[in-house]
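Close look at the chain arrangement
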Amino acid sequence: MPVVTLITDFGVGDPYVAMMKGRILSVDPGIKCIDITHDIEVGDIESASFLLLKSYKYFPEDSVHLAIVDPTVGGSRRAIFSQFQNHLFVGPDNGVLSPFLSRTYRINKNTDLDPKTFEGRDIFAPVAAYLAIGKEVKHLGVRIYDPVKIELSKPRMIDSTLIGEIIYIDHFGNLISNINEDILPSSDIEIEIKGKKIEGLSRNYEEGKNKGLLALINGGFGLLEVALYKGNAALYTGCKKGEKIAIRRKDE
Amino acid sequence: MPVVTLITDFGVGDPYVAMMKGRILSVDPGIKCIDITHDIEVGDIESASFLLLKSYKYFPEDSVHLAIVDPTVGGSRRAIFSQFQNHLFVGPDNGVLSPFLSRTYRINKNTDLDPKTFEGRDIFAPVAAYLAIGKEVKHLGVRIYDPVKIELSKPRMIDSTLIGEIIYIDHFGNLISNINEDILPSSDIEIEIKGKKIEGLSRNYEEGKNKGLLALINGGFGLLEVALYKGNAALYTGCKKGEKIAIRRKDE
Amino acid sequence: MPVVTLITDFGVGDPYVAMMKGRILSVDPGIKCIDITHDIEVGDIESASFLLLKSYKYFPEDSVHLAIVDPTVGGSRRAIFSQFQNHLFVGPDNGVLSPFLSRTYRINKNTDLDPKTFEGRDIFAPVAAYLAIGKEVKHLGVRIYDPVKIELSKPRMIDSTLIGEIIYIDHFGNLISNINEDILPSSDIEIEIKGKKIEGLSRNYEEGKNKGLLALINGGFGLLEVALYKGNAALYTGCKKGEKIAIRRKDE
């Protein structure tokens, strides 16, 4: 049973998402539509790209992922789809699909769109549906080699301090950094954020009981996060996206 | 695979919507339940009616659309369903199904309901499910000819000015009017809303860059809207639903 | 077609719920995932338990219900599933599954979890999926007899007054008590909440027109509720969860 996931900044109060699902089901009512989220901040291409990167791999192979955060919709930017690790990705050519652009196609479409066109519903949704039911890519687009790419911020090593930043704050107020577990020193570490110091990594939230802020690996994202046991670290620290976080080896 | 869409003012924090879906799947677990939205303002029958009117046609034929905004639930108002353009509609007889009432049926139900009845779950959901799997309408209701209808507001021509109003504000703050693209003059126009003037229609949001407010056709609804490039026109103008909007030909 | 319902305190802005659904569909893309709600207040085990208790029975037999409100995730609490009235329940052993624990199993899992584990996605979701497609319980867990149970608050009879409390406030501001319809006196009653008195039960909201607060049986939950016709009783009274409510027979 083919799967199409959807990630947008449309919210769920308007019928825009449902219109897209209706178009998908009109191609084949057997397609499964799964929402990743529609609560991306309006126009926040980076966050949509980041969340999709962290989510797509849990879906079955051959799933199609529709990502629409598209502040210049209707303008001259291209509509694209791409193949990446046996998954398919569909969206505007504005960087939202950056992590997945190893093999990219421009969607065939009329260049002089009717002004009543809602591209999410009238172009992206049907293409996603056709890809989901196995229509050959050559009938839907032409290969391109210059899709727009954005870079997600990366941590840097300055002297012997690893400097990252908070790139996402989740529903629980966990402060999620761009520091991958793999690059953390294996020895004892000290973490500093907004003037507050945290000694070592906890293995779970419970270990942080009575400890104030704790640092651990966020299981959802596989990234270093700062959290508060049964609390909200974002409210507690006042940190926002972009806040710097420093990691030092304790033996130095 | 049969499709049932749902539009309500129930929100998604309570289990009411899930209870309805459970009842639908208990009739046939193969039915696909698609949310249009559950964020209709409590009791706002007009908005539910408007959003469903703009959405239903993107779903496959024979889809069933369940619309429950029902401030007098449990009272004497009838429960109905209707057939319209190869789609089916189910809901209370309070006007929420107004655009779809060419062929309407009163749902057969016990007139002395158990006070524990939740009509959305116990009456509307199973009827929607039975209609979705093709049960004959004559087994579910009896034809009626006097369903309650409400009229959505329509624009008027006063002298040579077309006067409409804002009937919906979406997640992006776009101000959506009741003026259909088809009735706009084809010549150059000037739009006025809350003392602000907009020259001509833009073809897309990007054309409105550096222009302040812009007017264009909302692709989702096919209606004239006022927007702000990468901004929120509702916040910028302070307009609310009901705000008047005037369109004049520029050559006059 | 197998059904898995999901109730969590994850919200829908993060991709955590979608990751779980992806894992479920990776076991079998034919499984139907239905959200009960993800808006449980963070860590509110009692509410999740209550809402699931009131919802599960509307789903088809053999449905699997995944309940994840798990403030001590990753710690030493067990992961369990249980069988109850031809439904299956999966979640942490912290009381969230209290009403369903007649036959309970501890999920087989590695006790030394990789810190990158997100149990909802990596343990609970696949177990729910395997149960949904009929995998034998003995391959997924071992029977236990001491699961953690919490008691939902119960009304008490003091002298001849029935004293309950508000245990849930819904989207409409209806104040839902823990008083089951079955234990209400059949004679005329008087209800008192926060110093306000209500005479008798209404049969529906409309009967409460021009009456101020009304009391009736909430159809969704089968419990006594206090409501305001076309209004919000929670805002009107200022009542919060935990507010006491008293019921007296009027002939006394």
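Every value quoted in this text rests on a predicted model; they were computed, and no experiment measured them.

Let's talk about the overall build of chain A
For chain A, the count of helices and strands is four helices and 15 strands. On the principal axes, the C-alpha backbone points of chain A span a range of 60 × 35 × 35 Å. The buried share among the 252 residues of chain A stands at 58%. Of the roughly 10,200 Å² of accessible surface on chain A, 47% is carried by carbon and sulfur atoms.

A few points about helix H3 (residues 119–132) of chain B
All names here are of chain B. Compared with an ideal rise of 1.5 Å per residue, which puts 14 residues at 20 Å, H3 spans 18 Å between its outermost C-alpha atoms and is within 8% of the ideal. Along H3, the largest kink reaches about 30 degrees and is centred on Ala125; proline Pro126 follows within four residues of it. Among the structural elements, strand S1 (3–8), helix H1 (16–27), strand S3 (64–68), strand S4 (79–84), strand S5 (87–92) and strand S6 (103–107) are those in contact with the buried residues of H3. Phi turns positive, to about 95 degrees, at Gly134, one or two residues after H3.

Points about the packing of aromatic side chains
Applying the stated criterion to the full structure yields 45 aromatic pairs over all chains. Between the aromatic rings of A:Phe81 and A:Tyr105, the centroid separation amounts to 5.0 Å while the plane-to-plane angle is 10 degrees, which identifies the pairing as stacked. Of this pair, A:Phe81 sits in strand S4 (residues 79–84) while A:Tyr105 sits in strand S6 (residues 103–107); the two residues are 24 residues apart in sequence, bridging distant segments of the chain. Take A:Phe81 and A:Tyr105: they sit in the same class, and that class is buried. The interplanar angle of 25 degrees and the centroid separation of 5.3 Å between the aromatic rings of C:Phe50 and C:Phe221 together place this pair among those described as stacked. Highlighted residues: C:Phe50 in helix H2 (residues 45–55) and C:Phe221 in the loop between strand S13 (213–218) and strand S14 (223–228), separated in sequence by 171 residues. A relative accessible area of 5% places C:Phe50 in the buried class. Given the relative accessible area of 4%, C:Phe221 is considered buried.

Here's the deal with the interface of chain A and chain B
Accessible area lost upon the coming together of the parts is a frequently used measure of interface size. Facing the 35 residues of chain A at the interface are 34 residues of chain B. Across the interface of chain A and chain B, roughly 2,700 Å² is buried in total on both sides, 60% from carbon and sulfur atoms. Counting across the chain A and chain B interface gives zero salt bridges. Sort the elements by how many residues they give to the side of chain A that touches chain B and helix H1 (residues 16–27) of chain A lands first, with eight residues.

Focus: the domain arrangement of chain A
Residue and element names in this part refer to chain A. As far as domains go, chain A holds domain 1 (3–144) and domain 2 (156–249). With centres defined by C-alpha atoms, the gap from domain 1 to domain 2 works out at 33 Å. Of the roughly 520 Å² buried at the junction of domain 1 and domain 2 (both faces included), carbon and sulfur atoms supply 60%. Interface area lost by domain 1 to domain 2 is led by Phe50, Leu51 and Lys54, which between them contribute 76%. The partner of Lys241 in a salt bridge is Asp44, with the nearest N and O atoms 2.9 Å apart.

Observations concerning the relation of the copies chain A and chain B
Rotating chain A by 120 degrees and translating it 0.0 Å along the rotation axis places it on chain B, where the RMSD comes to 0.0 Å. Here the copies are linked by what is in effect a three-fold axis. Across chain A, the smallest distance between a C-alpha and the rotation axis is recorded for A:Lys32, namely 5.1 Å. A share of only 6% of interface residues in chain A that are also interface residues in chain B marks the association as one of differing surfaces.

Let's talk about the packing of helix H1 (residues 16–27) of chain C against helix H3 (residues 119–132) of chain C
Residues and elements named next belong to chain C. At a minimum axis separation of 8 Å, H1 and H3 run at an interaxial angle of 40 degrees. In terms of their interaxial angle, H1 and H3 are classed as oblique. In the crossing of H1 with H3, the sense of the turn from one axis to the other is right-handed. Contacts between H1 and H3 pair Met19, Met20, Arg23, Ile24 and Val27 from the former with Gly120, Arg121, Asp122, Ala125, Pro126, Ala129 and Tyr130 from the latter. A breakdown of the residues in the contact of H1 with H3 according to their chemical character gives eight nonpolar, one polar and three charged.

What about the relation of the copies chain A and chain C?
Overlaying chain A with chain C gives an RMSD of 0.0 Å, the required rotation being 120 degrees about an axis along which the chain moves by 0.0 Å. The two copies present different faces, since only 6% of the interface residues in chain A are matched by interface residues at the equivalent positions in chain C.

Details of the pattern of salt bridges
Residue and element names in this part refer to chain A. Evaluated as defined, the whole model comprises 42 salt bridges over all chains. Notably, a salt bridge pairs Arg248 with Glu190, separated by 3.7 Å at the nearest N-O pair. Pair noted here: Arg248 is in strand S15 (residues 244–249) and Glu190 is in strand S11 (residues 189–193), with a separation of 58 residues, a long-range link. Several salt bridges converge on common partners, so that one network encompasses Arg23, Arg121 and Asp122.

Quick look at the interface of chain A and chain C
With 34 residues of chain A at the interface, the matching set in chain C holds 35 residues. Interface area lost by chain A to chain C is led by A:Tyr58, A:His171 and A:Phe172, which between them contribute 22%. Along the contact surface separating chain A from chain C lie zero salt bridges. Where chain A touches chain C, the interface holds 16 residue pairs in polar contact (both at pLDDT 80 or more).

A look at helix H2 (residues 45–55) of chain B
Counted residue by residue, H2(B) has nine buried out of 11 residues, so it is predominantly covered. Every buried residue of H2(B) is accounted for by B:Ile45, B:Ser47, B:Ala48, B:Ser49, B:Phe50, B:Leu51, B:Leu52, B:Lys54 and B:Ser55.

Focus: the environment of A:Arg103
Residues and elements named next belong to chain A. On the secondary structure map, Arg103 appears in strand S6. For the pair Arg103 and Arg143, spaced 40 residues apart in the sequence, the C-alpha separation amounts to 7.6 Å. Residue contacts for Arg103: discarding those within four places in its chain leaves Phe81, Ser82, Gln83 and Arg143.

Some words on the sheet that holds strand S6 (residues 103–107) of chain C
A sheet is described by the order of its strands in space; here seven strands give the open sequence S2-S1-S3-S5-S4-S6-S7 (chain C), paired in mixed fashion. Since the sheet does not close on itself, it has two edges, and those belong to strand S2 (32–37) and strand S7 (141–144) of chain C, each with one partner. Geometrically, the sheet is characterised by an average inter-axis angle of 25 degrees between neighbouring strands, direction not taken into account. Bridge analysis of S6(C) against S7(C) gives four bridges, and the strand direction is antiparallel. Residue pairing for S7(C): C:Tyr105 is matched across the bridge by C:Arg143. Helix-sheet contacts for H1(B) involve strand S1 (3–8) and S2 of chain C, and the interaxial angle to S2(C) is about 150 degrees. Relative to the sheet, H1(C) contacts S1, S2 and strand S3 (64–68) of chain C, its axis offset from that of S1(C) by approximately 160 degrees.

Cut-off values and rules
Residues numbered from 1 in each chain as written. Chains lettered and ligands numbered in written order. Predicted model: local features only at pLDDT ≥ 70, side-chain atom pairs only at ≥ 80, totals over all residues. Heavy atoms only, no water. Helix = DSSP H or I, 4+ residues; strand = E, 2+ residues; numbered from the N terminus. Buried < 20%, exposed > 50% of the residue type's maximum accessible area, 1.4 Å probe, protein only. Areas by Shrake-Rupley, 256 points an atom, 1.4 Å probe, with all protein chains shown as cover. Expected span 1.5 Å × (residues − 1). Bend = angle between axes of the 7 residues up to and from the residue. Contact = heavy atoms within 4.5 Å. Phe/Tyr/Trp six-rings, centres within 6.5 Å; stacked < 30°, edge-to-face > 60°. Buried area = accessible area lost by both parts, 1.4 Å probe. Salt bridge = Lys/Arg side-chain N within 4 Å of Asp/Glu carboxyl O. Domains from an automatic or database assignment. Least-squares fit on C-alpha atoms with pLDDT ≥ 70 in both. Axes fitted to C-alpha atoms, helices over the stretch in contact; angles between N-to-C directions. Parallel < 35°, antiparallel > 145°, perpendicular 65-115°, else oblique. Left-handed = near helix turned anticlockwise from the far one by under 90°. Nonpolar A, V, L, I, M, F, W, Y, C, P; charged D, E, K, R; others polar. Polar contact = N/O pair within 3.5 Å; in protein donor to acceptor, adjacent residues only side chain to side chain. Pairing = 2+ DSSP bridges.

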